[in-house]
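Residues per chain are reported as follows:
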Amino acid sequence: MKLVLTACPYCGTGCNLYLKVADKRVVGVIPSVSRSANRGHLCVKGWNAWEFIHHSDRLKSPLIKIRGKFKEAGWDDALDIVARNFKKIKKKYGPDSLGIWGSARCTNEMNYLAQKLARAVFGTNNVDHCARTCHSPTVAGLVRSFGSGAMTNSYDEIPQAAGIFAIGSNAPEAHPIIWWRIRTAKDNGAKIIVADPRKTKLAEIADIHLQHYPGTDIALLNALMHVIVKADLHDKSFIARCSLDFEKLTRVIEKYTPEYAESITGVPAGLIKEAAFLYAGLKPLSNIYTLGITEHTTGTENVMSVANLAILTGNVGKRSSGVNPLRGQNNVQGACDMAALPDVYPGYQRVDNDEIRRKFEAAWGVPLSPNPGLTVTDMIIQASAGKIKALYIIGEDPMRSDPNINHVKKALENLEFLVVQEIFMNKTAEFADVILPGASFAEKDGTFTNSERRIQRIRKAIGPLGKARPDWKIVCDISNRLGYAMKYKNISEIMDEVASLAPIYGGVSFERLEEDGLQWPCPDKEHPGTKYLHENGKFTCGLAKFHAIKHRPPAEECDSEYPFILTTGRMLFHYNVGTMTRRTPALNREYPDNFVQINFNDAARLGITNNAACRVATRRGGLKVRADVTDKIKEGVIWMPFHFTEAPANLLTKDAFCPIARTGEYKACAARVEKC
Ligand SMILES: Nc1nc2c(c(=O)[nH]1)N[C@H]1C(S)=C(S)[C@@H](COP(=O)(O)OP(=O)(O)OC[C@H]3O[C@@H](n4cnc5c(=O)[nH]c(N)nc54)[C@H](O)[C@@H]3O)O[C@H]1N2
Ligand SMILES: Nc1nc2c(c(=O)[nH]1)N[C@H]1C(S)=C(S)[C@@H](COP(=O)(O)OP(=O)(O)OC[C@H]3O[C@@H](n4cnc5c(=O)[nH]c(N)nc54)[C@H](O)[C@@H]3O)O[C@H]1N2
Ligand code: SF4
Ligand SMILES: [Mo]
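All figures in this text were calculated on a predicted structure; none of them were measured in a lab.

**Concerning the overall build of the protein chain**
Along the backbone of the protein chain there are 24 helices and 30 strands. Counting only C-alpha atoms, the protein chain reaches 70 × 65 × 55 Å along its principal axes. Considering the protein chain as a whole, with its 676 residues, one finds that 65% of them fall into the buried category. The long-range fraction of contacts in the protein chain, counting pairs at least 24 apart against all pairs at least 6 apart in sequence, stands at 73%. In the structure as shown, the protein chain presents an accessible area of about 23000 Å², 51% of it carried by carbon and sulfur atoms. Charge-centre separation for the protein chain: the mean point of 88 positive side chains lies 3 Å from the mean point of 72 negative side chains.

Here you go:
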């Protein structure tokens, strides 16, 4: 048996594991003990991250749609059709009628080439990926507050924190190996404050659980800051030395007394006060947040509010402190770093900066567009409007993961040409003209960047199945056919090109990643990488900036017809749209079908009993699901996972978006529940 060291293909924790290979098949997994991301631990998805690889549903040949039916085809035929159509549409409607979706499930190298294909070959900045549905408010918000939009600190600092404030994060289910560190902090004596509408496992071990209504985070955070400032517990020397605009903040938070916040959030004023006093007394304190903060029409402002609280108390730029967004996908950090984003080149260098653009024009040998492109959200809207004519979607399933899928369906139907690159047939691929089979993580080399900015190697354990090809090679094939040569002898040359263009990756090479990866910023070959950002209050943008932010309700508020707030998310055993975990018997057995969590008082009023079928409806549509009657959710709020393609939660969610980051409001819309 061969053991091949690689990284987990699921969440952004980036655990390292060995794939066990026998007779050219992956037959199991064991965790790596020596790598720091997980230190010998894996969650249930990691332990089972091998069964889907050989599943009989894997796409093993290119498919071409002929008169509405998919037929197997050779690579030459499929690539010819792809190149011919992209060329034709570009000629007829111009470069900005095309768009590419990179993939947070794929390697850095693939994403670098995908954005290069968009910019240098298609001639457009219309390139984006699922970070738009996820942590784009983090990138936008933390850049505004600190100058850099990533997790500030490292995993191994969490156990030494005196305090942890986790807001809108279900780490026990979504980031289990970071949860292990939070538990260790608790064992070491840390105090824990949680803000979440649901009583998660994390809330259960918290010293204080603030169970607020979805979409009321700004009111809650402003009230915490109000109490801290009134009690004179803020870090005055840090504020004076390292920040801007404190007075603007104080003017806005003046109004947010705990009593006023109680009227918005539903959290008792006394508990808000208690939490604020506890928070202010804990140093260093690590702020952890995820999608409960970002997936709102106020997403970017929510992120800046968390940053406000950290600056106010001096909890940033130090060990075991910081503002720590736990990134979602295995390589969403990397896909952002590589600039599968419409406004920046690799390393967050703006496309509308002339000097930067000239650097990339010289490197890539072609003129480049100075106009920022469209986000995923806006490519969908513009496809419906007839301005986007062709899309190349890699490893993403907007027909299940974007809000209000009927709105997505209309857009995909309106395209003249759609290429989908996938490992499994998904709902988006059904709309494709051509489907290109990618190799799974076990079948290719490359790198993923995890949530603590650690760039790590993934390694090929077996050859690609059937006619599948590594995703980066498919991008090269398309580019070469379009007349722009992408010829790399091996994949490490791609990382060398990234290092030469993106200063934060300047010192990165495959050779240097062998040991335990490297954490960016890593500007040169001698640099050891960076454990935490903004050391000694020296922020990437000079001084940290407070933002004065007022509470705004979600786009859709409850009324007598739709009296519940529906919020959606994930659970331990399944992963996003479920193409892999639903095909993993050990995981699917535990949770084979969709359900809605509802408070037992609400259920009793509606005559709904545990496990009985009920109907959940919003203004977009309705679903019949099982009721999970529980005390773990606040009254007036219901919760549903989005992993089940046959009962898709995004039939219900609303296509309302953060105006800055363009992220959808998956975490709050108005719904009704009925007994079936
Ligand atoms: N098992 C598993 N792990 C995963 C994934 C998966 O699908 N399955 N997906 C990965 C991805 S892509 C991501 S982005 C991460 C996401 O990781 P998380 O963001 O932790 O996961 P979610 O379940 O989306 O939501 C987190 C919490 O937000 C709470 N919440 C809901 N509404 C609000 C609100 O208005 N305010 C606040 N403060 N909290 C609210 C929910 O109750 C939930 O406990 O997980 C990653 N890890
Ligand atoms: N209601 C609701 N909806 C949500 C969210 C929510 O909280 N609530 N969260 C949002 C978030 S945070 C995210 S990140 C998105 C995720 O949404 P998506 O990115 O659409 O979902 P995934 O399941 O991560 O995977 C996308 C596809 O990648 C494919 N894939 C996996 N590995 C590879 C590979 O190596 N190569 C190729 N070519 N394809 C591969 C999978 O088969 C799958 O079809 O969902 C969003 N949607
Ligand atoms: S915590 Fe995330 S990276 Fe680690 S094994 Fe689980 S899914 Fe994989
Ligand atoms: Mo995500």
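What follows continues from the structure just given.
**Things to note about the sheet that holds strand β20 (residues 454-458)**
Judged by pairing direction, the sheet is antiparallel, and its 3 strands sit side by side in the order β19-β20-β21 without closing on themselves. For this open sheet the edge positions go to β19 (446-449) and β21 (518-519), each flanked by a neighbour on one side alone. As judged from the 2 bridges shared by β20 and β21, these two strands associate in the antiparallel manner. Bridge pairing in β21 links Ile455 to Leu518.

**Some points on the domain arrangement of the protein chain**
With domains assigned, the protein chain is organised as domain 1 (2-47), domain 2 (63-131 + 331-519), domain 3 (152-326) and domain 4 (564-675). Each of domain 2 and domain 4 has a C-alpha centre, and the two are 31 Å apart. Between domain 2 and domain 4, the residue contacts involve 19 residues of the former and 18 residues of the latter. For the pairing of domain 2 and domain 4, the buried interface totals around 1700 Å² over both sides, and the portion due to carbon and sulfur atoms is 58%. At the surface where domain 2 touches domain 4, the tally comes to 1 salt bridge.

**Side note on helix α19 (residues 405-413)**
Taken residue by residue, α19 has Ile405, His407, Val408, Ala411 and Leu412 as its buried positions. All buried residues of α19 lie within an arc of 150 degrees about the axis, which places them on one face of the element. Residues of α19 that are exposed and angled more than 90 degrees away from the buried face: Lys410 and Glu413. Elements that come into contact with the buried residues of α19 comprise α17 (376-384), α18 (398-401), β17 (417-422) and β28 (654-657).

**Describing the side chain of Asn404**
Along the chain, the position of Asn404 falls in the loop between α18 and α19. For Asn404, the side chain forms a polar contact with the side chain of Asp655, separated by 3.0 Å.

**Notes on the environment of Lys487**
As for its position among the elements, Lys487 is in the loop between α20 (471-481) and α21 (492-501). We classify Lys487 as exposed; its relative accessible area is 66%. Along the chain, Lys487 and Cys476 lie 11 residues apart, while their C-alpha atoms are 7.1 Å from each other. With near-sequence residues (within four places) excluded, Lys487 lies in contact with Asn480 and Glu493.

**Quick word on the UniProt feature "domain: 4Fe-4S Mo/W bis-MGD-type" (unreviewed entry) in the protein chain**
The UniProt entry lists residues 1-57 under the feature "domain: 4Fe-4S Mo/W bis-MGD-type" (unreviewed entry), expressed in the numbering used here. Regarding residues 1-57, the helix share stands at 7% and the strand share at 35%, and the terminal C-alpha atoms are separated by 26 Å.

**Some thoughts on the site of ligand 2**
Taken together, 32 residues are adjacent to ligand 2, and Asp397, Ser401, Glu422, Thr579 and Asn650 come closest. Between ligand 2 and Thr568, the relevant distance is 2.9 Å, taken from a nitrogen atom to a side-chain nitrogen or oxygen of the residue. Here Val577 contributes a backbone N or O atom positioned 3.0 Å from an oxygen atom of ligand 2. Relative to its unbound accessible area of 910 Å², ligand 2 is 98% covered by the protein chains. Of all the secondary-structure elements, those providing two or more residues to the shell around ligand 2 are β17 and β23 (564-569). Per-class residue counts for the shell around ligand 2 are 11 nonpolar, 12 polar and 9 charged. The residue makeup of the shell around ligand 2 includes at least three contributed by each of domain 2 (63-131 + 331-519) and domain 4 (564-675).

**Some thoughts on the environment of Phe52**
Among the structural elements, Phe52 can be located in the loop between α1 (44-47) and β4 (63-66). Here Phe52 falls in the buried class, since its relative accessible area comes to 0%. Put simply, Phe52 and Met640 are 588 residues apart on the chain and 24 Å apart in space, counted from C-alpha to C-alpha.

**Brief notes about the packing of aromatic side chains**
Across all of its chains, the model carries 19 aromatic pairs by this definition. Seen from their ring centres, Phe595 and Trp639 are 6.2 Å apart, and the 50 degrees between their planes marks the pair as tilted. Note that Phe595 is positioned in strand β24 (residues 595-599) and Trp639 in strand β27 (residues 637-641), a separation of 44 residues in sequence. The buried category is assigned to Trp639, whose relative accessible area is 5%. Sitting over the face of the ring of Phe424, Arg583 holds its NZ or CZ atom 4.3 Å from the ring centroid. Cation over ring: Lys634 sits above Tyr213, and NZ or CZ is 4.7 Å from the ring centre.

**Overview of unusual backbone geometry**
Cis rather than trans, the peptide bond between Lys283 and Pro284 has omega equal to -5 degrees. Cis geometry is adopted by the peptide bond preceding Pro521, which originates at Trp520 and carries an omega value of 0 degrees. Structurally, Pro521 can be placed in the loop between β21 and β22 (544-545). Even without being glycine, Arg67 reaches a positive phi, approximately 45 degrees. Here Arg662, not a glycine, exhibits a phi torsion of approximately 65 degrees, which is positive. In this fold, Arg662 is placed in the loop between β28 and β29 (664-665).

**Observations concerning the site of ligand 1**
Around ligand 1 sit 35 residues, and of these Asp196, Asp217, Arg570, His574 and Asn576 come closest. Measuring from an oxygen atom of ligand 1, one finds a side-chain N or O atom of His296 at 2.9 Å. The separation between a nitrogen atom of ligand 1 and a polar side-chain atom of Thr567 is 3.1 Å. Coverage of ligand 1 by the protein chains reaches 99% of its 910 Å² of free accessible surface.

**Focus on the sheet that holds strand β25 (residues 613-617)**
Strand pairing in a sheet relies on backbone hydrogen bonds, with the paired strands running either antiparallel or parallel. Taken in spatial order, the 6 strands of this closed barrel run β23-β27-β24-β26-β25-β30, and their pairing is mixed. Going across the sheet, the axis of each strand differs from the next one's by a mean of 45 degrees, ignoring polarity. In the sheet, β25 pairs with strand β30 (residues 669-675) via 4 bridges, with the strands oriented antiparallel. From the neighbouring strand, Val616 faces β30, where its bridge partner is Val673.

Rules behind the numbers
Residues numbered from 1 in each chain as written. Chains lettered and ligands numbered in written order. Predicted model: local features only at pLDDT ≥ 70, side-chain atom pairs only at ≥ 80, totals over all residues. Heavy atoms only, no water. Helix = DSSP H or I, 4+ residues; strand = E, 2+ residues; numbered from the N terminus. Buried < 20%, exposed > 50% of the residue type's maximum accessible area, 1.4 Å probe, protein only. Contact = heavy atoms within 4.5 Å. Areas by Shrake-Rupley, 256 points an atom, 1.4 Å probe, with all protein chains shown as cover. Lys, Arg positive; Asp, Glu negative; His and termini not counted. Charge placed at Lys NZ, Arg CZ, Asp CG, Glu CD. Pairing = 2+ DSSP bridges. Domains from an automatic or database assignment. Buried area = accessible area lost by both parts, 1.4 Å probe. Salt bridge = Lys/Arg side-chain N within 4 Å of Asp/Glu carboxyl O. Arc of directions from axis to C-beta. Polar contact = N/O pair within 3.5 Å; in protein donor to acceptor, adjacent residues only side chain to side chain. UniProt positions renumbered as here; feature names shortened; annotations may be inferred. Near = heavy atom within 4 Å. Nonpolar A, V, L, I, M, F, W, Y, C, P; charged D, E, K, R; others polar. Phe/Tyr/Trp six-rings, centres within 6.5 Å; stacked < 30°, edge-to-face > 60°. Lys NZ or Arg CZ within 6 Å of the ring centre and 35° of its normal. Axes fitted to C-alpha atoms, helices over the stretch in contact; angles between N-to-C directions.

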